[in-house]
Each structure stands twice: as C-alpha cells, then as structure tokens.
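As a plain string of letters, each chain reads:
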Amino acid sequence: SQTIHQWPATLVQPVGSPLSLECTVEGTSNPNLYWYRQAAGRGLQLLFYSVGIGQISSEVPQNLSASRPQDRQFILSSKKLLLSDSGFYLCAWKGVQGNYEQYFGPGTRLTVT
Amino acid sequence: RKEVEQDPGPFNVPEGATVAFNCTYSNSASQSFFWYRQDCRKEPKLLMSVYSSGNEDGRFTAQLNRASQYISLLIRDSKLSDSATYLCVVNSGYNFNKFYFGSGTKLNVKP
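Computed from a predicted model, the values in this text were never measured in an experiment.

Cut-offs and rules
- Residues numbered from 1 in each chain as written.
- Chains lettered and ligands numbered in written order.
- Predicted model: local features only at pLDDT ≥ 70, side-chain atom pairs only at ≥ 80, totals over all residues.
- Heavy atoms only, no water.
- Pairing = 2+ DSSP bridges.
- Helix = DSSP H or I, 4+ residues; strand = E, 2+ residues; numbered from the N terminus.
- Contact = heavy atoms within 4.5 Å.
- Buried area = accessible area lost by both parts, 1.4 Å probe.
- Salt bridge = Lys/Arg side-chain N within 4 Å of Asp/Glu carboxyl O.
- Polar contact = N/O pair within 3.5 Å; in protein donor to acceptor, adjacent residues only side chain to side chain.
- Nonpolar A, V, L, I, M, F, W, Y, C, P; charged D, E, K, R; others polar.
- Axes fitted to C-alpha atoms, helices over the stretch in contact; angles between N-to-C directions.
- Phe/Tyr/Trp six-rings, centres within 6.5 Å; stacked < 30°, edge-to-face > 60°.
- Buried < 20%, exposed > 50% of the residue type's maximum accessible area, 1.4 Å probe, protein only.

1. A word on the pairing of strand 7 (residues 64–70) of chain A
All names here are of chain A. Sheet topology note: the strand 7/strand 8 (residues 73–78) ladder contains 5 bridges and is antiparallel. Paired with Q70 across the bridge in strand 8 is Q73. Remark: 2 residues form the turn of the hairpin made by strand 7 and strand 8, two consecutive strands paired antiparallel.

Right, dumping it as structure tokens:
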C-alpha cells in the first residue's frame, strides 16, 4: 500500500530565515505530487504540482519554490520566510491512471515569528 | 466568485440525526468531484468520490447535479465520530492537476 511522509511535523522559524520541507511517497511509481497551504480557518490553496522529476508547475506567485529531485520526493523551500508564510503545509500524491483522488501526508505546521 | 463554495456551518445535530451538506462549483467543465473529511489540525482524508450516478458508502450518500452545478453529501444516523469539517473538492476541468477546495462545512454531532 502507498504511504506518504512529511517532515518536520511542526516548525517555528523567524522571519527572514530559510525553509525546507520534505515529502516522500512509498509504494507507488511516478505519482503526481502536490504542495498545498492551509491558512487558519481557510481552505487549501494549491502552491505547486509536479508530474515528474524536475517538472514543477507553480500556481501562486510567492517567495516559495519547489523541487522534485527524485521520483517520490518533493521539496518545498524558501530563501527568506515572511510572516504570511505561516500555515499548515500539506503534500499530496495522485496516481496517473484511473481516478483522480488525492491522498495527503500528515502535514507540517509552520509558524513564522 | 469562488470556484467552490460551501456553507461553513457549524451544523449542530444530535446523534442519530440525518444531515445534508451542499457545495456549489462555478466551472461547468469540472469532471471530478470529491468529499474529504478533515479533523482538527489533521490532514484531509478522502471520504468518497462523487460519481454522476450518485454513490453510497454505508451511512454516506453523495450526489452530483451537473445542471445546477452542485454536489451534496448526506449522512444518516450521525455518530459522535462524524464530528469534523467536510471539504468539497472539484477539479478544474481544464487541468486535471488543479483542484479547488471549499473552505469546509463543520459538523458537530452531540450526544
């Protein structure tokens, strides 16, 4: 069966510091991968998605970036965090065939101070 | 106009009640529809996909109305454990990798 991991689970970072969040998927090959952010009391906002190694599509202009160095690894980064980057960051995967259901990792709760 | 709109609630119902949520979407080209459940401070978990013919999974029934562009979720015989936020999700229709999430409807089931 497929599993998806994210780390760290929680993170407190000062404004202006860098960020690196990691997501890995097991039990599937060539998944589509997604980064979402959920601000407090809000819906999920799609940040990036990737259909393959090195292929990144950005949905929202911001100071974040994403990379996919391996088939089942997806990384979200920032060079300098803003207060507005605080939120719940969720990674998700979707198979490339069949239905279009997405499955989420446990998330990283980021607080920028 | 938002891509997906939901009544935020909360819906406060007693155990055993039947409760229904609706969700409207703006893009008539959307092809895939889902309901997710999200517990407080947890990740969303897939509850069910919504098919054109409607589908049922135990106490949960989902319906799609393409003409009026809404989907619904019916929960029968509510349990305390059903208390959560229910998210409506719709794909863009033009990009199968782009999904729009509603802000969620909060359900509180009381003893």
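2. Remarks on the interface of chain A and chain B
As a measure of interface size, the accessible area lost when the parts come together is often cited. With 21 residues of chain A at the contact, the number on the chain B side is 20 residues. Buried surface at the junction of chain A and chain B, summed over both partners, amounts to about 1700 Å²; 54% is from carbon and sulfur atoms. Between the two partners, chain A and chain B, sit 1 salt bridge. For E59(A), the salt bridge is made with K98(B), and the minimal N-O distance between the two is 2.7 Å. Counting the contacts that link chain A with chain B gives 8 residue pairs in polar contact (both at pLDDT 80 or more). Broken down by secondary-structure element, the contributors of at least two residues to the side of chain A that touches chain B are strand 4 (32–38), strand 5 (44–52), strand 9 (87–94) and strand 10 (102–104) of chain A. In the side of chain A that touches chain B, the residues fall into 12 nonpolar, 5 polar and 4 charged.

3. Considerations on the sheet that holds strand 8 of chain A
Residues and elements named next belong to chain A. With respect to topology, 4 strands assemble into an open sheet ordered 1-3-8-7, the strand pairing being antiparallel. In this open sheet, the two edge strands, each paired with only one partner strand, are strand 1 (3–7) and strand 7. Across the sheet, the mean angle separating the axes of adjacent strands is 20 degrees when strand polarity is ignored. By the bridge criterion, 6 bridges tie strand 3 (residues 19–26) to strand 8 in an arrangement that is antiparallel. Within strand 8, the residue paired with L19 across the bridge is S78.

4. Thoughts on the packing of aromatic side chains
Under the criterion given, the structure shown has 15 aromatic pairs over all chains. Geometrically, the ring pair formed by Y36(A) and F104(A) is tilted, given 5.6 Å between the ring centres and 50 degrees between the ring planes. Within this pair, whereas Y36(A) is found in strand 4, its partner F104(A) is found in strand 10, the two being separated by 68 residues in sequence. The exposure class of Y36(A) is buried, given its relative accessible area of 0%. Their ring planes at 50 degrees and their centres at 6.1 Å tell us that Y36(B) and F101(B) sit as a pair that is tilted. Remark: F101(B) occurs in strand 10 (residues 99–101) and Y36(B) occurs in strand 4 (residues 33–38); sequence separation between them is 65 residues. A single burial state applies to Y36(B) and to F101(B), both of which are buried.

5. Notes on the sheet that holds strand 3 (residues 19–25) of chain B
All names here are of chain B. The sheet built from 5 strands is open, its strands ordered 1-3-8-7-6 with antiparallel pairing. For this open sheet the edge positions go to strand 1 (4–6) and strand 6 (55–57), each flanked by a neighbour on one side alone. Taking each pair of neighbouring strands and ignoring which way they run, the sheet shows an average axis angle of 20 degrees. Summarising the sheet, strand 7 (residues 60–65) and strand 8 (residues 70–75) pair through 6 bridges and their orientation is antiparallel. Paired with N65 across the bridge in strand 8 is Y70.

The quantities given are spatial measurements derived from coordinates; they are silent on function.
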